[in-house]
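Reading the structure
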Amino acid sequence: MSRTPIIAANWKMNQTPSETATFLEKFVGFFDGKTAVDIVIAPPFVSIPKASEFIGQSEAVDLSAQNMSPEPSGAFTGEISAAMLNELGCDYVILGHSERRTLFGEDDAFINRKVRAACEAGLKPILCIGETLEERDAGRIEEVLKTQLEGSLADVTAEQMADIVIAYEPVWAIGTGRTATPEQAQEAHAYVRSVLAGKYGEEVANGVRIQYGGSAKPANAGELISQPDIDGFLVGGASLDPDSFHEIVKAGVAEAQGNS
Ligand code: PEP
């Protein structure tokens, strides 16, 4: 089955509203209509309205948030709800990023509540999973990925799964400059797909897009995305520069066109 690649920029706590405008003015100008891949930009919350001014008029680029609350509204100081993201025109929301797991103590049960709340609100989750170096060295990759998938996807239906993107992000490769080899990434992606097949059946699993994340850059994007189970990227550092992110998008477009 051929899946449309999805290339997403996770800006983390970078790009003020004015910097967002500067980036997007240039980046959106690279595209004349829809491309062969889905392109997603995830700015910080405060820059989403500014991003929406540019992305709202672009057929090529979609908007994502980097996080959201599982709660619909109420006394949750500092939190942002799915309805708020919907109103700003977000299509996607990144959930369970390793920085949220490690720095903010988010566990699979909490992430699962967010995944279900996002699906119910019509937002497409980009669900991040991945092992630490210690877990990899201990030979625990499959156990860790399976636990994260089962916990984060508890009570998620097959219909909802069709709208969920999985981002496999080995923690040891995020922001370190150390990228998983295409073989390491492919092996993990194939395993993730097999877990999804066990839970939802082959047809659903074959339709799910699985992104690679972890020091993806123009120099390694082509080789990674040519692997059969790698369907795009979640990009941190290399997405902060419009030219470098564009080069990664181009690798996705070349792969999609080669497959069509
Ligand atoms: C990320 O934060 O999702 C990520 C993959 O970061 P980087 O590309 O900088 O490793």
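In the block above lies the structure referred to throughout.
Notes on the structure follow. (Residues numbered from 1 in each chain as written. Predicted model: local features only at pLDDT ≥ 70, side-chain atom pairs only at ≥ 80, totals over all residues. Heavy atoms only, no water.)

1. Quick notes on the site of the ligand
Put simply, the test is: Whether a residue is near a molecule or strand depends on its heavy atoms: it is near if one of them lies within 4 Å of it. Counting of polar contacts relies on pairs of N or O atoms within 3.5 Å, with two restrictions inside protein: one atom must be capable of donating a hydrogen and the other of accepting it, and residues adjacent in sequence are counted only when both atoms are side-chain atoms. Note on areas: these come from Shrake-Rupley sampling with a 1.4 Å probe, and a residue is covered only by the protein chains present in the view. Residues are grouped as follows: Ala, Val, Leu, Ile, Met, Phe, Trp, Tyr, Cys and Pro are nonpolar; Asp, Glu, Lys and Arg are charged; all remaining types, including Gly, are polar.
Surrounding the ligand, one finds 14 residues, the nearest of these being Lys12, His97, Glu169, Gly175 and Ser215. With respect to the ligand, the backbone of serine 215 contributes an N or O atom lying 2.7 Å from an oxygen atom. The backbone of glycine 236 places a nitrogen or oxygen atom 2.8 Å from an oxygen atom of the ligand. For the ligand, whose free accessible area comes to 290 Å², the fraction covered by protein is 95%. For the shell around the ligand, a count of residues per class yields four nonpolar, eight polar and two charged.

2. Some thoughts on the nonpolar core
Applied cut-off: Put simply, buried Ala, Val, Leu, Ile, Met, Phe, Trp, Tyr and Cys residues joined by side-chain atoms within 4.5 Å make one nonpolar core. Buried residues are those whose accessible area, probed at 1.4 Å on protein chains only, stays under 20% of the maximum for their type, while exposed residues exceed 50% and partly exposed ones sit between those limits. A run of H or I in DSSP becomes a helix once it reaches four residues, and a run of E becomes a strand once it reaches two; helices and strands are each numbered from the N terminus.
Of all hydrophobic cores here, the largest spans 70 residues; its most connected members are Phe27, Ile41, Ile166, Leu196, Phe233 and Phe245. Here the element with the most residues in this core is helix 9 (residues 182-200); it accounts for eight residues. With 11 residues, the next largest nonpolar core counts Ala8, Tyr92, Ile94 and Cys128 among its residues.

3. Some points on the packing of helix 11 (residues 218-225) against helix 12 (residues 242-259)
To be explicit about the condition: Convention adopted: a line fitted to C-alpha atoms gives each axis, helices being fitted over their contacting stretch, and angles between N-to-C directions are expressed from 0 to 180 degrees. Here roughly perpendicular refers to angles of 65 to 115 degrees, roughly parallel to angles under 35, roughly antiparallel to angles over 145, and oblique to all remaining angles. In this scheme, a crossing is called left-handed if the near helix is turned counterclockwise away from the far one by less than a right angle; it is called right-handed if the turn is clockwise. The contact rule is simple, with two residues in contact once any of their heavy atoms fall within 4.5 Å.
Contact pair helix 11 / helix 12: the axes reach a minimum separation of 9 Å and the direction vectors enclose 20°. It follows that helix 11 is roughly parallel to helix 12 by the angle criterion. Note on packing geometry: the crossing formed by helix 11 with helix 12 is right-handed. Along its contact with helix 11, which presents Pro218, Ala221, Gly222 and Ile225, the element helix 12 presents Ser244, Glu247, Ile248, Ala251, Gly252 and Glu255. Residues belonging to the contact of helix 11 with helix 12 are distributed by class as follows: five nonpolar, three polar and two charged.

Interpretation in functional terms is not warranted from these geometric data alone.
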